[in-house]
Amino acid sequence: MLENILNGLMQRYMERVPDVKAIIETMIREGIIQRADDVENDHIAFRTMGVPPLGIQSLEKIFLHHGYTKRDAYFFKEKKLNAFWYAPPSPRYPRIFISELRVQDLHPRSQALINSYTSEVKTDPVDALDLDDAAAVDTFLHSGLWRLPTLEDYKALAEESEYAAWVIYNRYYLNHFTISVHNLPEGYNTVADFNAFLERHGFVLNNAGGKIKVSPDGGLLQSATVANMITATFSGNESYRIAGSYVEFAERKVLPQFAHLPAGQITREHRRDGFEAGNADKIFESTYRAQTGKGEE
């Protein structure tokens, strides 16, 4: 059941984000992997609006039902976001990271604009779902929760919060998936090496806070492409180029207490787990104009 839900997410995400297929095909051509299934998915991420009856408390029900465990909370003051990560029921599944916009912290104009859309949702939509029906869950995750926004509203929201603008158009669309680089062959198994491979093949990286985002303990290193731009159609049939989704890369170092283990015995539980607010803060900017503008040059 969970596998079908995740496969549905990844299938549509790959169709919409050309970088995913391009990166995987380039990895196969270079002999890094033999097939797409060789890529380990470190985590996937969703963005939500923090308003009743939506936000984290709603979306998380899908994954808690399928065996995920809620873990650490994160707060992003400048971006006005809350987030949690969720550990999978088995190491074969990706971690999940769900963030929500603290709508109440925005300017009253932005709050009113967001509420004009989200107020169309009267009850928690997940409560009406059969969570054991993978096709129904997949359809829900790719459906609009509110009416299609106007371009004017999208631009108005983007002035205060590019995150808000992204969610008002994209809804629960998968924001990114993450390639675990530490299990790749030598020469590609660090974020630094993998970034060099990506740039050698013309992929544009997010450089907010540096191309490599490093946790204070040095155990989690991350990088990301800038979001692919998509032509979005707004209400009134207006078209405009906006940020879609992107690809992230993670290197999780072996924890000090397991440093003595031979490489062949190291599994996920031996590596640094969880997330880092400082890293995530900059990764969010993969959909921001300061980054996506580079990809359009």
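Heads up: the structure comes first, above all this text.
First, a word on scope: everything that follows refers to the structure included in this document. Treat the numbers as computed from the prediction; the structure is a model and nothing was measured.

This brings us to the overall build of the protein chain. Secondary structure summary: the protein chain contains ten helices and ten strands in total. Rg of the C-alpha trace for the protein chain: 19 Å, near the compact-globule value of 19 Å for 297 residues, within the 12% margin. When each of the 297 residues of the protein chain is scored for burial, the buried share is 55%. Summarising the internal contacts of the protein chain: among those between residues at least 6 apart in sequence, 69% fall at separations of at least 24. Per element, the accessible surface of the protein chain, about 12,900 Å² overall, is 49% carbon and sulfur. The positive charge centre, built from 32 side chains, and the negative charge centre, built from 40, are 3 Å apart in the protein chain.

Taken as a whole and judged by the stated rule, the model has 16 aromatic pairs. With a centroid separation of 5.9 Å and 80° between ring planes, the pair formed by Phe63 and Tyr68 is classed as edge-to-face. Take Phe63 and Tyr68: they sit in the same class, and that class is buried. Taking 5.1 Å as the distance between ring centres and 55° as the angle between the ring planes, the aromatic pair formed by Phe97 and Phe275 counts as tilted. Of this pair, Phe97 sits in strand E4 (residues 95-101) while Phe275 sits in the loop between strand E10 (246-252) and helix H9 (277-283), and the two are 178 residues apart along the sequence. Positioned over the ring face of Trp166 is Arg47, at 5.1 Å from the centre of the ring.

Parameters at a glance
- Residues numbered from 1 in each chain as written.
- Predicted model: local features only at pLDDT ≥ 70, side-chain atom pairs only at ≥ 80, totals over all residues.
- Heavy atoms only, no water.
- Helix = DSSP H or I, 4+ residues; strand = E, 2+ residues; numbered from the N terminus.
- Rg over C-alpha atoms; globule rule 2.2 N^0.38 Å.
- Buried < 20%, exposed > 50% of the residue type's maximum accessible area, 1.4 Å probe, protein only.
- Contact = heavy atoms within 4.5 Å.
- Areas by Shrake-Rupley, 256 points an atom, 1.4 Å probe, with all protein chains shown as cover.
- Lys, Arg positive; Asp, Glu negative; His and termini not counted.
- Charge placed at Lys NZ, Arg CZ, Asp CG, Glu CD.
- Phe/Tyr/Trp six-rings, centres within 6.5 Å; stacked < 30°, edge-to-face > 60°.
- Lys NZ or Arg CZ within 6 Å of the ring centre and 35° of its normal.

Nothing here speaks to function; it is all geometry.
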